[in-house]
Amino acid sequence: MPAKKILDIAVKGGAACLGEEPATIAVGKRADLIGIDMDAPHLWIHGKISNTLLESVGAGDVKDMIVGGRFLMRNREILTLDEEKIRSEALAFEKGESRWSI
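The structure displayed is predicted, hence computed values, not measured ones.

### Some points on the confidence of the model for the protein
When pLDDT drops low, the exact placement of atoms in the prediction is not to be read closely.
Stage number 1. In this model, the protein carries a mean pLDDT of 85, and residues with pLDDT of at least 70 account for 91%.
Stage number 2. Element-level mean pLDDT values for the protein span from 81 in helix 1 (residues 3–17) up to 94 in strand 3 (residues 70–74).

Right, here's the structure in full:
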């Protein structure tokens, strides 16, 4: 199946699963978008961009993330979470020094 068709199914099918309208970008709409760093050598486009996006992009290539029109991550900096606190709590949990338990 062509990559462009797979991407179309994923976007429209994802929206349908959530009971929402298919994705469109328009003035006044709240946006859920990701920005991808296309400067990485494995993402240099050789052919169709849809193939490159589908076959080569990974989570580490995401540079920006907007959900509901609000930046959650910009230039790979997470804006909504305290990463140091989370890392510290995870390390404490791993060492058995946490107030959290399973």
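### Quick look at the pattern of salt bridges
Stage number 1. Following the criterion strictly, the structure yields three salt bridges and no others.
Stage number 2. Measuring nitrogen to oxygen at the nearest pair gives 3.5 Å for the salt bridge that ties D37 to R76. Of this pair, D37 sits in the loop between strand 1 (33–36) and helix 2 (49–56) while R76 is found in the loop between strand 3 and strand 4 (77–78), placing the two residues 39 residues apart along the sequence.
Stage number 3. We note a salt bridge from E84 to R87, for which the minimum N-O separation is 2.8 Å. Highlighted residues: E84 and R87, both in helix 3 (residues 83–94), separated by three residues, approximately one helical turn.

### Describing the side chain of D64
Stage number 1. The residue D64 is located in strand 2 (residues 62–67) in this model.
Stage number 2. The buried charged residue D64 lacks any salt bridge, with K63 as its nearest oppositely charged partner at 5.2 Å.
Stage number 3. At 2.8 Å, the side chain of D64 forms a polar contact with the backbone nitrogen of N75.
Stage number 4. Residue contacts for D64: discarding those within four places in its chain leaves L33, I34, G35, F71, M73, R74 and N75.

The rules behind each value
Residues numbered from 1 in each chain as written. Predicted model: local features only at pLDDT ≥ 70, side-chain atom pairs only at ≥ 80, totals over all residues. Heavy atoms only, no water. pLDDT = per-residue confidence, 0-100. Helix = DSSP H or I, 4+ residues; strand = E, 2+ residues; numbered from the N terminus. Salt bridge = Lys/Arg side-chain N within 4 Å of Asp/Glu carboxyl O. Buried < 20%, exposed > 50% of the residue type's maximum accessible area, 1.4 Å probe, protein only. Lys, Arg positive; Asp, Glu negative; His and termini not counted. Polar contact = N/O pair within 3.5 Å; in protein donor to acceptor, adjacent residues only side chain to side chain. Contact = heavy atoms within 4.5 Å.

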